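Working through the structure, step by step
The primary structure of each chain is shown beneath.
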Amino acid sequence: MTFYQELQLNQAGSKNLLKKSETVKEKSYHILVYLVKIAVTMAFCFLFVTIFSILFGNENSIVGVVVLLCLMVFRNADLGIHTGQSTMLLALFFVIMTVCPHLANQFSPVLGMLLNIAALAVLILFGCHNPFMFNQSTLVLGYLLLYGYDVTGKSYQMRLVGMALGAALTCFVFYRNHKNRTYKRNLKDLIQEFDITSSRTKWQICQILCVPIVLCIAELCNMPRAMWAGIAAMSAILPFMEDMHYRVRKRIVGNIAGVICFTVLYFLLPSSIYAYIGILGGIGVGLSAQYGWQAVFNTFGALAIAAETYGLQGAVSLRVIQNVFGVVFALAFCVIFYWFMSKKRKVRRPYMQSEVNQEENLNRIITVPNLLSFFRLCLIPVIIWSYCVKKNPLLAGEILLLSGLTDLADGYIARRFHMISNLGKILDPVADKLTQAAMLICLFTRFPHMLLLIVIMAGKELYMAVSGCLVIRKTGKVHGADWHGKIVTFLLYGTAAVHIIWFHITPMVSDLLIGLCAIMMVISVALYIIQNTRTLKGETV
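**Comments concerning the overall build of the protein**
Per the secondary structure count, the protein includes 21 helices and zero strands. Across the 541 residues in the protein, those meeting the buried criterion constitute 46%. Across the protein, the fraction of contacts at a sequence separation of at least 24, relative to all contacts at a separation of at least 6, is 77%. When the accessible surface of the protein is summed, it comes to about 27,000 Å², and 69% of that surface belongs to carbon and sulfur atoms.

What follows is the structure, given as structure tokens:
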């Protein structure tokens, strides 16, 4: 093996060579190569982050850290599916890490928690096909770092550019390194593997829920550096409970030991080199093979940054409290979560087994489309709060766009992957109508003519509720929205988007759009009346 080839080995490979060394000379050589590799890696990391800081500002140096993490992980790791689809998913992950942490910081802790749950759901469910590869740890860590070091104004605009560059670099490196590999699985398989009864899905859901809840509690308690608690919780949630107990113990002991070591160095070293304690911690992490020692040295970098803002005593107190709270809460949450899930009756997955009849398939409750519809319901109060309380129409428009994209996604997934269910046929239109009602009510505060659409919608939905119950009672089937109902939905979303984005819209254009929506809504009601009347009379529609 050449010197260069040995430099390419990962940490485990280098450690293995050291163990197999038969002579002192051979062992010394491998130690030298190992130290050179660490020095080169540290120099590259320092240079990479420095370049990002110069290009996009010191407040966006964290962008360099996140991009570097993704590059170093995904140059070797994969998502287990077709390379082209994996590359598109990586681009989507960068969009989520760029937009969602910033939006969540604009909301109250509870509303921010809901957005964080949705964002982490995408990162974890689609970014971790193999729990033992821990791809999701890189993505969630990047998300939490950007959440904790959020910026606004021009700095955020620079962050958008920096993350776009990072996405392009990561996707390029990933595709180049994986394009010749053959994968039998694709995105469809990832979606179909979502199974609430499987150990992997339970572990994923546990992480999706626990980390945002930890962040929310820390923020409600007004604890600075809430991301520390989130990172601690994320690191503690492992697929097996025995490993979690080990990780929690090592995290707590390692952080306390790291705090003690940092404090000693803080008093022994001159203030001019405090910043280099973090670099020392990075070298220590590179030399550490066990999680406990990694926890010790990880503390150095975090405290070196926090001490500048909160002082030594404040930084140390926050570090210990946040980490102990994060890992202990995560352990308790997982114990309760797994206990609750064990009480649920295990059912077979209809859409994965051909012998299960269509009736059982329709009666499924927990499916990806239904979860997306539920998420849209959770976005409704966020839209109202953004427009009416925060007085931020642009933010409301961004959330409305997210809701609309989610609406398209749940319909496509339900049809494409045979996840249509009776609950989904009800939940999807309910989410649509409530979102539309929320939009119209918000816009009514500025555009009085929106009252016309509100009145027509109220009458239409009242009729649909009554006639729909009668149709279900007679036929025993739940019918989804027809083509004209979908056109009404499209027009309402479009009208709302124009009124939100075009803040000073002219009265003529506003009235024209409102009139067009009103006409189409009346036509849709008439068609539904004809259809439901024929159904109730027993005629073929």
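**Re the packing of aromatic side chains**
The description of an aromatic ring pair rests on the distance of the ring centres and on the angle between the ring planes. Taken as a whole and assessed by the stated rule, the structure comprises twelve aromatic pairs. Ring centres of Phe-329 and Phe-333 lie 6.1 Å apart, and the angle between their planes is 25 degrees; on these two criteria the pair is classed as stacked. Note that Phe-329 and Phe-333 are positioned in helix α14 (residues 291–343) at a spacing of four residues, about one turn of the helix. Taken together, the ring pairs connect Phe-262, Tyr-266, Phe-267, Phe-297 and Phe-300 into an aromatic cluster. Between Arg-319 and the ring centre of Trp-228, over which it is positioned, the NZ or CZ distance is 5.1 Å.

**Focus on the packing of helix α5 (residues 83–106) against helix α7 (residues 135–148)**
Packing of α5 against α7 brings their axes to within 9 Å, and their N-to-C directions diverge by 35 degrees. In the packing of α5 onto α7, the handedness of the crossing is right-handed. Taking contact as the criterion, the partners of Phe-93, Ile-96, Met-97, Cys-100, Pro-101, Ala-104 and Asn-105 in α5 are, on α7, Leu-139, Gly-142, Tyr-143, Leu-146 and Tyr-147. Counted by class, the contact of α5 with α7 contains ten nonpolar, two polar and no charged residues.

**Here we look at unusual backbone geometry**
A positive phi angle, near 60 degrees, is found at Asn-222, a position not held by glycine. Along the polypeptide, Asn-222 turns up in the loop between α10 (199–220) and α11 (226–236). Assessed through its relative accessible area of 67%, Asn-222 is described here as exposed. A positive phi angle, close to 55 degrees, is found at Arg-225, a residue other than glycine. Relative to the helices and strands, Arg-225 resides in the loop between α10 and α11.

**Quick notes on the pattern of salt bridges**
Applying the stated rule across the entire model yields six salt bridges. Of the charged contacts, one joins Asp-407 and Arg-376 as a salt bridge, the two residues approaching to 3.4 Å between their closest N and O atoms. With Asp-407 in helix α17 (residues 393–416) and Arg-376 in helix α16 (residues 368–389), the pair connects residues that are 31 residues apart, well separated along the chain. Exposure remark for Arg-376: the relative accessible area of 0% places this residue in the buried category. A salt bridge links Asp-432 to Arg-376, with the shortest nitrogen-to-oxygen separation between them at 2.6 Å. Taken together, the positions of Asp-432 in helix α18 (residues 422–444) and Arg-376 in helix α16 put the pair 56 residues apart, joining distant regions of the chain. Since its relative accessible area comes to 7%, Asp-432 is described here as buried. Three or more residues are tied together by salt bridges with common partners; here these are Arg-376, Asp-407, Asp-410, Asp-428 and Asp-432.

**Some words on the nonpolar core**
Counting 132 residues, the largest nonpolar core has Met-97, Tyr-143 and Leu-453 as its most contacted members. For this core, the element with the highest residue contribution is α14, accounting for 17 residues. If near-sequence neighbours (up to four positions away) are discounted, Tyr-143 is found in contact with Ile-96, Met-97, Cys-100, Pro-101, Leu-115, Asn-116, Ala-119, Leu-120 and Leu-123.

**So, the side chain of Asn-116**
If you trace the backbone, Asn-116 turns up in helix α6 (residues 109–127). At a separation of 2.6 Å, a polar atom in the side chain of Asn-116 contacts the side chain of Tyr-143. Here Asn-116 is in contact with Ala-104, Tyr-143, Tyr-147, Pro-212 and Leu-215, once residues within four sequence places are set aside.

**Here we look at the side chain of His-484**
By the element assignment, His-484 lies in helix α20 (residues 483–501). Looking at His-484, the relative accessible area reads 3%, which means it is buried. Separated by 3.0 Å, the side chains of His-484 and Ser-524 make a polar contact. Residues within four places of His-484 in sequence aside, it is in contact with Met-520, Ser-524, Leu-527 and Tyr-528.

**Describing helix α12 (residues 241–268)**
Counted at 1.5 Å a residue, the expected span for α12 with its 28 residues is 40 Å, and the 40 Å between its end C-alpha atoms agrees. Taken as a whole, α12 has its buried residues at Met-244, Arg-247, Val-248, Arg-251, Gly-254, Asn-255, Gly-258, Val-259, Phe-262 and Tyr-266.

**What to know about α11**
Most of α11 is tucked away, with eleven of its eleven residues classed as buried. Along α11, the residues that are buried comprise Ala-226, Met-227, Trp-228, Ala-229, Gly-230, Ile-231, Ala-232, Ala-233, Met-234, Ser-235 and Ala-236.

**Brief notes about a nonpolar patch on the surface**
Together, Trp-483, Ile-487, Ile-519, Ile-523, Leu-527 and Ile-530 give the surface a local cluster of nonpolar side chains, amounting to about 550 Å² of exposed area. Of all elements in the fold, only α20 and α21 (507–536) reach the threshold of two or more residues within the nonpolar patch. Ranked by residue count, the leading element in the nonpolar patch is α21, at four residues. Checked against the element boundaries, Leu-527 lands in helix α21.

**Thoughts on the environment of Val-49**
Along the chain, the position of Val-49 falls in helix α3 (residues 24–56). With 16 residues separating them in the primary sequence, Val-49 and Val-65 have C-alpha atoms 6.1 Å apart.

**Here's the deal with the packing of α16 against α17**
Each pair of packed helices can be described by the angle between their axes along with the distance between the axes. Between α16 and α17, the shortest axis-to-axis distance is 9 Å and the interhelical angle comes to 170 degrees. One finds that α16 runs roughly antiparallel with respect to α17. When the axes of α16 and α17 are compared, the crossing they make is left-handed. Of the residues that constitute the contact of α16 with α17, the class distribution is 17 nonpolar, four polar and three charged.

Calculation criteria
- Residues numbered from 1 in each chain as written.
- Predicted model: local features only at pLDDT ≥ 70, side-chain atom pairs only at ≥ 80, totals over all residues.
- Heavy atoms only, no water.
- Helix = DSSP H or I, 4+ residues; strand = E, 2+ residues; numbered from the N terminus.
- Buried < 20%, exposed > 50% of the residue type's maximum accessible area, 1.4 Å probe, protein only.
- Contact = heavy atoms within 4.5 Å.
- Areas by Shrake-Rupley, 256 points an atom, 1.4 Å probe, with all protein chains shown as cover.
- Phe/Tyr/Trp six-rings, centres within 6.5 Å; stacked < 30°, edge-to-face > 60°.
- Lys NZ or Arg CZ within 6 Å of the ring centre and 35° of its normal.
- Axes fitted to C-alpha atoms, helices over the stretch in contact; angles between N-to-C directions.
- Left-handed = near helix turned anticlockwise from the far one by under 90°.
- Nonpolar A, V, L, I, M, F, W, Y, C, P; charged D, E, K, R; others polar.
- Salt bridge = Lys/Arg side-chain N within 4 Å of Asp/Glu carboxyl O.
- Core = buried A, V, L, I, M, F, W, Y, C linked by side-chain atoms within 4.5 Å.
- Polar contact = N/O pair within 3.5 Å; in protein donor to acceptor, adjacent residues only side chain to side chain.
- Expected span 1.5 Å × (residues − 1).
- Patch = residues over 30% accessible without salt bridge, like charges linked within 9 Å, V, L, I, M, F, W, Y side chains within 5 Å.
- Parallel < 35°, antiparallel > 145°, perpendicular 65-115°, else oblique.

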